[in-house]
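Structural characterization, general
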Amino acid sequence: MNRRLLGLVIVFSFITALTILLGSTGMISPSSTIKPLGLFYIEETFFGNMTAESPEAVTAIVWDYRGLDTIYETTVFFLAVVAGIAVFRVSRTPGSRRGIGLTDISRTSTKIVFTIITVVSASIALHGHLTPGGGFQGGSTLAVAPLLVIPVFSYYALLSRKITPSLLVGLRGLALTSIALVAMLPVIRGLEIVTNVRFYPAYILGQLVSGSLIYYNSFEYIAVGTGFVAIFLYLSYEEEFYKTEMGGEGYE
């Protein structure tokens, strides 16, 4: 066993032993009371006078009570994706040709898993105002589906169906613009930006949609999913293609 691994084992053992010791002596124990801010969210998110009409407190906090913070965070993530795409500096996609891919068994199982992932990701996003989840989690899950397709079918399977980085970035831009519109529309009626149920209906056709929360989750779902898939596609292109784009060696 080398010295580095031995040192890690010793440190981990020490921390574990110390945690058990402090916990058994009562020096470390969970709080028996709820902080006022936490109590406010518990009481108000669905039943209170400042309700967000959502039983899912985390979504209510993220998109309602501290919605401006989330708008800024979404903007930062958008800029991160833009920076990542700018690094590649390509003006086109590789030429159309058939990739090799993997075996028929792998292809069939991937088709099944792809469908399951897509359905589950949509459920995570669309039920984010009711159960743990939301647009970011759903979009991240959605991005896994094309990530499976790329090694199994090759990225040409996506490009041949017109799923290109340009299209994905365009969809992401539309989704982010929609988020901004949902946040700004209440201003028309003299309300604050990111206003929720005072402007948007909490129920549609008898179904709880929690005002603006379902719109935020839906558009965030599209924005995150398309952003990640665009990056995955760029990362899957061959090195020779980028050399051609940058004026280097040829690409055949």
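As the structure is a computational prediction, the values presented were derived from the model and not from experiment.

1. Some details on helix α8 (residues 165–184)
Across its 20 residues, α8 extends 28 Å between first and last C-alpha, which sits within 8% of the 28 Å expected from 1.5 Å per residue. Turning to α8, its buried residues are P165, L168, R172, A175, L176, S178, I179, V182 and A183. Down the axis of α8, the buried set is contained in an arc of 150 degrees. They therefore lie on one face. Residues of α8 that are exposed and angled more than 90 degrees away from the buried face: S166 and L174.

2. Regarding the side chain of T226
Looking at the element boundaries, T226 is found in helix α9 (residues 213–236). The exposure class assigned to T226 is buried, which follows from its relative accessible area of 10%. Contacts of T226, omitting those with residues within four sequence positions, involve L168, L171 and R172.

3. Description of the packing of α8 against α9
At a minimum axis distance of 8 Å, the contact between α8 and α9 shows a crossing angle of 155 degrees. By the angle class used here, α8 and α9 are roughly antiparallel. The way α8 lies across α9 gives a crossing that is left-handed. Its residues assigned to classes, the contact of α8 with α9 shows 19 nonpolar, three polar and two charged.

4. A word on the packing of helix α6 (residues 135–153) against α9
As a packed pair, α6 and α9 sit with axes 7 Å apart at the nearest point and diverge in direction by 30 degrees. When the interaxial angle is binned, α6 and α9 end up roughly parallel. As α6 packs across α9, the resulting crossing turns out to be right-handed. Along the contact surface, α6 presents G135, F136, G138, G139, S140, L142, A143, P146, L147 and I150, while α9 presents N217, E220, Y221, V224, G225, F228, V229, F232, L233 and S236. Its residues assigned to classes, the contact of α6 with α9 shows 12 nonpolar, seven polar and one charged.

Rules used throughout
- Residues numbered from 1 in each chain as written.
- Predicted model: local features only at pLDDT ≥ 70, side-chain atom pairs only at ≥ 80, totals over all residues.
- Heavy atoms only, no water.
- Helix = DSSP H or I, 4+ residues; strand = E, 2+ residues; numbered from the N terminus.
- Expected span 1.5 Å × (residues − 1).
- Buried < 20%, exposed > 50% of the residue type's maximum accessible area, 1.4 Å probe, protein only.
- Arc of directions from axis to C-beta.
- Contact = heavy atoms within 4.5 Å.
- Axes fitted to C-alpha atoms, helices over the stretch in contact; angles between N-to-C directions.
- Parallel < 35°, antiparallel > 145°, perpendicular 65-115°, else oblique.
- Left-handed = near helix turned anticlockwise from the far one by under 90°.
- Nonpolar A, V, L, I, M, F, W, Y, C, P; charged D, E, K, R; others polar.

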